[in-house]
Amino acid sequence: MKIRNYICNYKDEKTNGTLQDVMDAKKIFLDVDSYKNAAEYLSKNSPFVFFPVTNTLEAELQGALINENSLIRVKNPIITDVEELFSLKAFDYTVTHYKIMSECLNYKYDKPLAYEMTGFYTFLSFIIPAEKIFRAFRKNPETEKSLADIFLKNYFSFINTLNSFNIKLISLADPAASVDIIGPAALENTINSFYVPLLDYILNNTDFSIYLCPKLSLAMEDLGLLKNETIETGKASIQNIIKDLMTEKRIFGNICINVKTDINRIKVFEFTKGGEDE
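Residues numbered from 1 in each chain as written. Predicted model: local features only at pLDDT ≥ 70, side-chain atom pairs only at ≥ 80, totals over all residues. Heavy atoms only, no water.

**Remarks on the overall build of the protein chain**
And then number 1: From N to C terminus, the protein chain includes 12 helices and seven strands.
And then number 2: For the protein chain, the C-alpha radius of gyration of 18 Å lies close to 19 Å, the compact-globule estimate for 278 residues.
And then number 3: Based on the C-alpha atoms only, the size of the protein chain along its principal axes is roughly 50 × 50 × 35 Å.
And then number 4: Counting only residues that meet the buried cut, the protein chain has 55% of its 278 residues in that class. (Helix = DSSP H or I, 4+ residues; strand = E, 2+ residues; numbered from the N terminus. Rg over C-alpha atoms; globule rule 2.2 N^0.38 Å. Buried < 20%, exposed > 50% of the residue type's maximum accessible area, 1.4 Å probe, protein only.)

Given below as structure tokens:
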């Protein structure tokens, strides 16, 4: 079965400059108001307010070492051997970044809240050198399955914490998990080991809508895990269309959520888990 490869050519146009051009990185992760302002600044051209400010939060919860005074958060990976991954503990919700963000999520906003969740390979790359993961998974796919089971428990726990806030949308991306990087067999293993149970958990335990990076949604569609329906919407941005539809539809994701060009139709998905329609 051929799995399509989505080539991302999106260029960031959400702000007039980088966050560091307008805010002091030393303060953003230590001060609630600064963090809130950073999230709103990054989301200023969006119908959502997106959290977190960086994509390293899940790795920080797992113990990743960080640069306190920089938006490039993660230092060198905390471990160098794949076997050490099996000894990592549960997510630590006392880390400063999470505590600051959670306070921000309790504020009232004039736009719905969205959380950008880091996918499996990207998350692991902040903890251990990516090439070691690729090598270990190619050598023994069962290693990936075992690790996925471990980290899913942490992700399920994290989803439960996010569910206590007024978040409406989970945007899930894993740039490293694409056909051209890890190959179709490894991507299929990752989807079955990690993403199928993750989506199943979100859909059954929360009211979140889900936006899948097209790298994931196209592969899951090709594997028979998602069934698509095309909806004619009238000309609008992808994010505005999601905002209008997410009270009645749960899964989106055939194009990048950050595409700026207005569109006239969108694909929505039903999660079938490879079986009969539910």
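**Observations concerning the side chain of His97**
And then number 1: Summarising the element assignment, His97 is placed in helix α5 (residues 96-105).
And then number 2: Within the structure, His97 has its side chain in polar contact with the side chain of Glu60 (distance 3.0 Å).
And then number 3: Setting aside chain neighbours within four positions, we find His97 in contact with Phe29, Tyr35, Pro52, Thr54, Leu57, Glu60 and Arg73. (Polar contact = N/O pair within 3.5 Å; in protein donor to acceptor, adjacent residues only side chain to side chain. Contact = heavy atoms within 4.5 Å.)

**Focus on the packing of helix α7 (residues 130-139) against helix α8 (residues 141-162)**
And then number 1: Interhelical geometry of α7 versus α8 gives an angle of 115° and a closest axis separation of 4 Å. Viewed along their axes, α7 and α8 adopt a mutual orientation that is roughly perpendicular. For the pair α7 and α8, contact is made by Ala136, Phe137, Arg138 and Lys139 and by Pro141, Thr143, Glu144 and Leu147, respectively.
And then number 2: For the contact of α7 with α8, a count of residues per class yields four nonpolar, one polar and three charged. (Axes fitted to C-alpha atoms, helices over the stretch in contact; angles between N-to-C directions. Parallel < 35°, antiparallel > 145°, perpendicular 65-115°, else oblique. Nonpolar A, V, L, I, M, F, W, Y, C, P; charged D, E, K, R; others polar.)

**As for the pattern of salt bridges**
Side-chain pairs of opposite charge can arise where the charged atoms are in close proximity.
And then number 1: Taken as a whole and judged by the stated rule, the model has eight salt bridges.
And then number 2: A network of salt bridges, in which partner residues are shared, links Arg4, Glu221, Asp222 and Lys267. (Salt bridge = Lys/Arg side-chain N within 4 Å of Asp/Glu carboxyl O.)

**Considering the environment of Ala59**
And then number 1: Locating Ala59 in the fold gives a position in helix α4 (residues 57-61).
And then number 2: As a C-alpha pair, Ala59 and Asp200 span 141 residues in sequence and 22 Å in three-dimensional space.
And then number 3: Sequence-distant contacts of Ala59, defined by excluding residues within four places in its chain, comprise Ala64, Phe123, Phe126 and Ile127.

**Comments concerning the nonpolar core**
And then number 1: The biggest cluster of nonpolar side chains holds 85 residues, and the ones touching the most others in it are Phe51, Leu85, Tyr115 and Tyr121.
And then number 2: Of the residues forming this core, the biggest block, 11 residues, is contributed by helix α10 (residues 184-205).
And then number 3: Discounting chain neighbours no more than four positions away, the residues touching Phe51 are Tyr35, Ala39, Met101, Cys104, Leu105, Tyr109, Leu113, Ala114, Tyr115 and Glu116. (Core = buried A, V, L, I, M, F, W, Y, C linked by side-chain atoms within 4.5 Å.)

**A word on the pairing of strand β3 (residues 167-173)**
And then number 1: Of all seven residues in β3, five are buried; the element is thus mostly enclosed.
And then number 2: Of the pairings in the sheet, the one linking strand β2 (residues 113-118) to β3 comprises six bridges and is parallel in character. Paired with Tyr115 across the strands is Ile170, a residue of β3. (Pairing = 2+ DSSP bridges.)

**Describing the confidence of the model for the protein chain**
And then number 1: Looking at the protein chain as a whole, the pLDDT averages 90, with 94% of positions reaching at least 70.
And then number 2: Within the model, pLDDT remains below 50 along residues 12-16, and this stretch shows 13 contacts once partners closer than five positions in the same chain are excluded. (pLDDT = per-residue confidence, 0-100.)

**Remarks on the packing of aromatic side chains**
And then number 1: Per the stated rule, a full pass over the model turns up 22 aromatic pairs.
And then number 2: Here Phe29 and Tyr35 contribute two aromatic rings whose centre-to-centre distance is 5.9 Å and whose plane-to-plane angle is 70°, an arrangement assigned as edge-to-face.
And then number 3: Overall, Phe29 belongs to the buried group, its relative accessible area being 1%.
And then number 4: Classification of Tyr35 by relative accessible area gives buried; the value is 0%.
And then number 5: Sitting over the ring of Phe29, Arg73 keeps its end group 3.6 Å from the ring centre. (Phe/Tyr/Trp six-rings, centres within 6.5 Å; stacked < 30°, edge-to-face > 60°. Lys NZ or Arg CZ within 6 Å of the ring centre and 35° of its normal.)

**Describing the sheet that holds strand β7 (residues 263-271)**
Pairing between sheet strands relies on hydrogen bonds along the backbone, with the strands arranged either parallel or antiparallel.
And then number 1: Strand order in the open sheet formed by seven strands is β1-β2-β3-β4-β6-β7-β5, and the pairing between neighbours is mixed. Looking at the sheet topology across the chains shown, the edges are occupied by β1 (49-51) and β5 (226-236).
And then number 2: Two elements, β3 and strand β4 (residues 209-212), share four bridges in a ladder whose sense is parallel. Looking at the pairing, Ile170 lines up with Ile210 of β4.
And then number 3: Across the sheet, α8 lies against β2 and β3, angled at about 170° from β2, the strand it touches most.

**Notes on the environment of Pro47**
And then number 1: With respect to the helices and strands, the residue Pro47 is situated in the loop between α3 (32-42) and β1.
And then number 2: What makes Pro47 buried here is its relative accessible area of 9%.
And then number 3: Taking C-alpha positions, Pro47 is 7.3 Å from Lys243, a pair spaced 196 residues apart along the chain.
And then number 4: Apart from the residues lying within four places of it in its own chain, the contact partners of Pro47 are Lys111, Pro112, Gln239, Asn240 and Lys243.

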